[in-house]
Amino acid sequence: MQMFRRLVQHCNQTQAPLTQSVSKVVNSTRTDKPVKEGLEPFPCWTRNEFNADGWTAVTTSSLSEIAITLAPSDAPPMRRIHEVNAVSISKSPTGKVLVDFGQNLVGWLRVQVQGPEGHNITFQHVEVLEYGEAGIRPLWGANAMDTLILSSQLEEWEPKFTYHGFRYVEVTGWPSNGGVPTLEAITAIVIHTDMERTGYFECSEPLLNRLHGNIVWSMRSNFLSIPTDCPQRGERLGWTGDIQAFGPTATYLYRTVGFLKGWLKDLSSEQHENGGAVPPLVVPDVLYNIPRFQSRAKKAQAVWGDVAISLPWTLYTVSGDANILSQQYRSMQSWIDRGIPRKPNNLWDTSNHPQLADWLDPSAPPDDPGNGLTDGEFVANAFLIGMTNLMAKISAILGSSADSTRYTAAGATMREEFQSEYITPRGRVVGDTQMALALAIYFALFASTEQQQHAGERLVNVIRSKSRFKIATGFAGTPVIGHALTTVGQTQIFYRMLLHRKNPSWLYPVMMGATTVWERWDSMLPDGSINPGMMTSFNHYALGSIADWMHKVIGGLSAAEPGWRKVRVAPIPGGLLTSAKTSFSSLYGLISSEWNIDGDEFTLQVKVPPNASATVRLPTITALREVGSGTHIFRCLYKRPEWPPKPNYGAFYRNVGDDDDL
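Please read all numbers here as calculations on a predicted model, not as lab measurements.

Reading the values: the criteria
Residues numbered from 1 in each chain as written. Predicted model: local features only at pLDDT ≥ 70, side-chain atom pairs only at ≥ 80, totals over all residues. Heavy atoms only, no water. Pairing = 2+ DSSP bridges. Helix = DSSP H or I, 4+ residues; strand = E, 2+ residues; numbered from the N terminus. Axes fitted to C-alpha atoms, helices over the stretch in contact; angles between N-to-C directions. 1 Å grid on protein atoms, 1.4 Å probe; cavity = no way out; pocket = protein on both sides within 12 Å on 5 of 7 lines; lining within 4 Å. Points joined across faces, edges and corners; volume = space filled by probe spheres on them. Nonpolar A, V, L, I, M, F, W, Y, C, P; charged D, E, K, R; others polar. Contact = heavy atoms within 4.5 Å. Salt bridge = Lys/Arg side-chain N within 4 Å of Asp/Glu carboxyl O. Buried < 20%, exposed > 50% of the residue type's maximum accessible area, 1.4 Å probe, protein only. Core = buried A, V, L, I, M, F, W, Y, C linked by side-chain atoms within 4.5 Å.

Participant: Quick question: what am I supposed to make of the sheet that holds strand β23 (residues 601-608) here?
Facilitator: Adjacent strands of a sheet pair through backbone hydrogen bonds, lying either parallel or antiparallel. Strand order in the open sheet made by the five strands is β16-β21-β22-β23-β26, with antiparallel pairing throughout. The sheet terminates laterally at β16 (199-203) and β26 (630-637), the two strands that pair on one side only. Adjacent strand axes in the sheet meet at a mean angle of 10°, parallel and antiparallel pairs treated alike. As judged from the seven bridges shared by strand β22 (residues 589-598) and β23, these two strands associate in the antiparallel manner. Bridging across to β23, Trp595 finds its partner in Leu604.

Shown next, in the form of structure tokens:
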């Protein structure tokens, strides 16, 4: 096996030459090979006073010889953030020793152990158990196994140059206590980019609090120098569609502007390589070098490519820094003007560009996750019009009136073409799915408010009759469906969806014991088996994009102006919730909204930092109230809407009540 060599520079009073020696690290990679290490023979080699006699010289070269331009990172460094103790150690049905940390997390182990010299201990990391055994199949090519070679001394060991996504660890070869370590002998070290936490949420429904906590943990697990899709399998890539969906949630929960701004620079660099215009599916674009992905790596993909426009806008909204828009303007224009294949009517031509569309729509087959209910070209065109209208705003902010006029006109023309192609005169939408109706409402694609209201009524009917309050959207539709229902005055219908507990729903994984957000609505099936699809993760933040709605509608807090100098406070209670609170640490200071219901009285407390102001709307009062910095308390009479909204059953449906889990 290839032996890793470590370099050490002795920084004493004078700079000594670099030297090297063979370590006990036999293998150590992020995914494709198991980590195999012995305990360090030079425990003090990183200290200035270490004596390196016997180490050999290192050949060095100048950076100028390899023509690399180094630039400082915009993101904070990755660090070990905290520790998680094991909560239980048990044996599986086949007698394997399993350590449970009680939380799906990302990092590595710290082990305290003593045993015979040369004795091997292996640690297999997994996210879940399947029928009581370590669930290895979701690792999908990642050898998440560490091997420790003992030295006979009592040692404290952590693996190097690797990390894992795991909740459980299968331990084989523990040298004492019948092969079972103590709880104190093994600790999980949690790592992620060292971001400042900015957003919080809590309400009177414990299941929603657990859901929100799962979303936070999935973000932590996948913000490791780049925004990855998942941390456990042999992938861990910066998928553009995932962060396109999750961006508004991410920027509320943590201060991520520098982190994501740096990633967008990389996106632009990859996009424009060799004169290109299409953002890659992943950044960095490692798929292009994999033969089976090369044919699709540079294919134009709506939603995924649209991150070039939507994410800079999200960062501008949270920071108020128009320089982010300027930095990414070339990337935005390359995508919208040159990267998208068009038909003569200027809408998408997907004939040679099959779309991922509403990826992982729950109706899609396990091994065909892009084959959902809603037509991919419909999805692409809805996003195209939305992004074109957004480009008109961005151009105006940057002072390019000509571009703004051009994009405004293009958006209006394409909107008419979209209406002709997909919307009836009354407001029915082709496809008649949750996704299709929600997108048309969210991007304001109707010719009149009457059409939009009719579409809203139809969306409610589809939810009541077809899915019976279960979710029926994937990565593209999930971030928008709640906002679409609130736009047409149907917030209570979405509360009913959010609180549903059966598959597919947000709370189904919570009821199954999840501690992070799953990639699929049913990554684990009700019988405890892992979804049969090849691609299954239990730590994937995209479907956690629902937290954006929770912050803005349940908590009632959003930015009325970029940078949060002006705040919008407009909570809408729902379900059986009696209280909720959310807060955001803006550049001006802490902003918070907290409400509770006592009998027929609704009380709202709003805190606004210095040099900021807020517009407040109470649930039963249409008039807005403008307030400045300070703490403000508002009250109004409140009558709870009828709860719960009921599903619609067919005339001969025999299982009435099965879907009504409340």
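Participant: Teacher, can you tell me more about empty space enclosed by the protein here?
Facilitator: Gaps between atoms show up when a probe of the same size as a water molecule is rolled over them. Counted according to the given criterion, the structure contains three cavities of 30 Å³ or more. For the largest cavity, the calculated volume is near 100 Å³. Contributing to the lining of the largest cavity are Leu211, Asn214, Ser505, Trp506, Pro509, Val510, Thr516, Val517, Trp518, Arg520, Trp521 and Leu543. Mapped by element, the contributors of at least two residues to the lining of the largest cavity are α1 (206-222) and α13 (507-511). A per-class count over the lining of the largest cavity returns eight nonpolar, three polar and one charged.

Participant: In this structure, what is going on with the layout of surface pockets? I would like to understand it.
Facilitator: The space that makes up the second largest pocket amounts to roughly 840 Å³. Lining the second largest pocket we find 34 residues, and of these Trp140, Trp239, Phe293, Trp359 and Met535 sit closest to its centre. The element contributing the most residues to the lining of the second largest pocket is helix α4 (residues 291-297), with three residues. Of the residues that constitute the lining of the second largest pocket, the class distribution is 15 nonpolar, eight polar and eleven charged.

Participant: Whenever I open this one, the packing of helix α2 (residues 240-253) against helix α14 (residues 547-554) confuses me. Can you help?
Facilitator: For the pair α2 and α14, interaxial distance at closest approach is 8 Å and the crossing angle is 65°. Residues Pro248, Thr249, Tyr252 and Leu253 of α2 lie in contact with α14, whose contacting residues are Ala547, Asp548 and His551.

Participant: Explain the pattern of salt bridges to me, please; I cannot follow it from the model alone.
Facilitator: One side chain can pair with another of opposite charge once the charged atoms of both are near each other. With the rule as written, the count across this model stands at 19 salt bridges. A salt bridge links Arg167 to Asp100, with the nearest nitrogen and oxygen atoms 2.8 Å apart. Within this pair, whereas Arg167 is found in strand β14 (residues 164-172), its partner Asp100 is found in strand β8 (residues 97-113), the two being separated by 67 residues in sequence. Like Arg167, the residue Asp100 is buried in the burial classification. Where Arg406 meets Asp403, a salt bridge forms, and the shortest distance between an N and an O atom there is 3.4 Å. Taken together, the residues span about one helical turn, with Arg406 and Asp403 both in helix α8 (residues 401-422) at a distance of three residues.

Participant: Help me out: how do you make sense of the sheet that holds strand β25 (residues 625-627) in this one?
Facilitator: The four strands lie next to each other as β19-β20-β24-β25, forming an open sheet whose pairing is mixed. Both edges of this open sheet fall to β19 (557-559) and β25, since each of them pairs with a single strand only. Looking at each pair of strands side by side, their axes are set apart by 25° on average, direction ignored. Bridging between β19 and strand β20 (residues 566-569) involves three bridges; their strand directions are antiparallel. Bridge pairing links Leu557 to Val569 in β20.

Participant: What should I look at first to understand unusual backbone geometry in this one?
Facilitator: Working note: non-glycine residues mostly have negative phi, and peptide bonds are mostly trans. The omega angle of the peptide bond from Asn503 to Pro504 is -5°, so this bond is cis rather than trans. As for its placement among the helices and strands, Pro504 is situated in the loop between α12 (491-498) and α13. Note the cis peptide between Trp643 and Pro644, where omega equals 0°. With respect to the secondary-structure elements, Pro644 resides in the segment after β26. Its identity as a non-glycine residue notwithstanding, Trp140 has a phi of 50°, on the positive side. In the Ramachandran plot, Trp564 falls in the positive-phi region, its phi being about 65° despite a non-glycine side chain. With respect to the helices, strands and loops of the structure, Trp564 is situated in the loop between β19 and β20. Looking at Trp564, the relative accessible area reads 5%, which means it is buried.

Participant: Help me out: how do you make sense of the nonpolar core in this one?
Facilitator: Soluble globular proteins tend to bury their nonpolar side chains together. In terms of nonpolar packing, the biggest core is built from 140 residues, with Leu208 and Ile554 touching the most fellow members. Aside from chain neighbours lying at most four places away, what touches Ile554 is Phe201, Leu208, Tyr495, Leu498, Trp549, Pro571, Ile572, Leu577, Ala580 and Trp595. In terms of nonpolar packing, the next biggest core, distinct from the first, is built from 23 residues, Val84, Leu109, Ala185 and Trp217 among them.

Participant: Explain the side chain of Thr388 here, please?
Facilitator: Along the chain, Thr388 turns up in helix α7 (residues 376-397). Judged by its relative accessible area of 2%, Thr388 falls in the buried class. Setting aside residues up to four positions removed in sequence, Thr388 forms contacts with Ile336, Tyr407, Ala410, Gly411 and Met414.

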